[in-house]
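Chains, contacts and geometry: an overview
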Amino acid sequence: MKPESMIIRTRGSRLRWLLDAVLTALAWAGFFYLGASGIRAILEEASAGPGVPFWAALLPTMGTLTVYVLVGLFNGIVLLSWALYNQYRFAGLDRRKPLPALRIDELARSFGLPGQRVRALQLAKVAVVDHTHEGEVAEVRAVVS
């Protein structure tokens, strides 16, 4: 019997979630601040220079950006070529073999449960598995809906 889906929910603290959210927001704010500061500095330099046209001030930056774009294009072409090569080479082949199904006694030994309990869990549509901090199965129960 194949399960249709598996949902794993880990209980996390709200404090940790809040800390992650605040740090992420601060990182994005810093990113936008630095980006805006850089653009503003370029524009101020272009306007403050004695008769220097705007595009002439951006020319050194454009050279660097051109190198970045060329490197990105080269990487993209290499990855696309590799993907197409593998698609051509392995077209129609599926060398992965499914694992044999576990017997009830193997599952029972793995979970540390009696065989009848494992069979009841296999027939249940929803089951809850609680784990210890070490990752071992602490409790398994079928949920009747």
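Structure report, in brief. (Residues numbered from 1 in each chain as written. Predicted model: local features only at pLDDT ≥ 70, side-chain atom pairs only at ≥ 80, totals over all residues. Heavy atoms only, no water.)

The subject of this paragraph is the overall build of the protein. Each helix and strand in the protein was counted, giving four helices and two strands. In the protein, which comprises 145 residues, the proportion classed as buried is 7%. Of the roughly 13,500 Å² of accessible surface on the protein, 66% is carried by carbon and sulfur atoms. (Helix = DSSP H or I, 4+ residues; strand = E, 2+ residues; numbered from the N terminus. Buried < 20%, exposed > 50% of the residue type's maximum accessible area, 1.4 Å probe, protein only. Areas by Shrake-Rupley, 256 points an atom, 1.4 Å probe, with all protein chains shown as cover.)

Moving on to the packing of helix α3 (residues 104–111) against helix α4 (residues 115–123). The geometry of a pair of packed helices is captured by two quantities: the angle between their axes and the separation between those axes. It is at 9 Å that the axes of α3 and α4 come closest, and there the two elements cross at 100°. With respect to each other, α3 and α4 are oriented roughly perpendicular. On α4, the residues that touch I104, L107 and A108 of α3 are G115, V118, R119 and Q122. Of the residues contributing to the contact of α3 with α4, the split by class is four nonpolar, two polar and one charged. (Axes fitted to C-alpha atoms, helices over the stretch in contact; angles between N-to-C directions. Parallel < 35°, antiparallel > 145°, perpendicular 65-115°, else oblique. Contact = heavy atoms within 4.5 Å. Nonpolar A, V, L, I, M, F, W, Y, C, P; charged D, E, K, R; others polar.)

Okay, the nonpolar core next. Judged by nonpolar contacts, L107, A108, L113, V118, L121 and V140 together constitute the single largest core of six residues. Discounting chain neighbours no more than four positions away, the residues touching L107 are L102, V118 and Q122. (Core = buried A, V, L, I, M, F, W, Y, C linked by side-chain atoms within 4.5 Å.)

Here we take up the pairing of strand β1 (residues 126–131). Bridging between β1 and strand β2 (residues 137–143) involves six bridges; their strand directions are antiparallel. Across the sheet, the residue bridging to V126 is V143, located in β2. Counting the residues between successive antiparallel strands, the hairpin from β1 to β2 contains five residues, one of them, G135, with a positive phi of roughly 95°. (Pairing = 2+ DSSP bridges.)

Moving on: the packing of aromatic side chains. In total, this model carries four aromatic pairs according to the counting rule given. Plain terms: the ring middles of F31 and F32 are 5.5 Å apart, the flat faces sit at 65° to each other, and that makes the pair edge-to-face. You can call F31 exposed: its relative accessible area is 53%. Clustering of aromatic rings is evident, with ring pairs tying together W28, F31 and F32. (Phe/Tyr/Trp six-rings, centres within 6.5 Å; stacked < 30°, edge-to-face > 60°.)

Between side chains of opposite charge, pairing is possible as soon as their charged atoms come close. Under the defined criterion, the tally for this structure stands at two salt bridges. One salt bridge connects R103 with D105, and the closest N-O pair in it is separated by 3.3 Å. Taking the shortest distance from any N to any O, the salt bridge between R103 and E106 comes out at 3.5 Å. Several salt bridges converge on common partners, so that one network encompasses R103, D105 and E106. (Salt bridge = Lys/Arg side-chain N within 4 Å of Asp/Glu carboxyl O.)

The next subject is the environment of R119. Looking at where R119 falls in the secondary structure, it is placed in helix α4. When its relative accessible area of 41% is taken as the criterion, R119 is described as partly exposed. Here the alpha-carbon distance between R119 and D105, two residues 14 residues apart in the chain, equals 9.8 Å. Within the structure, the side chain of R119 is placed 3.1 Å from the side chain of Q122, a separation counted as a polar contact. (Polar contact = N/O pair within 3.5 Å; in protein donor to acceptor, adjacent residues only side chain to side chain.)

Geometric values such as these leave the question of function open.
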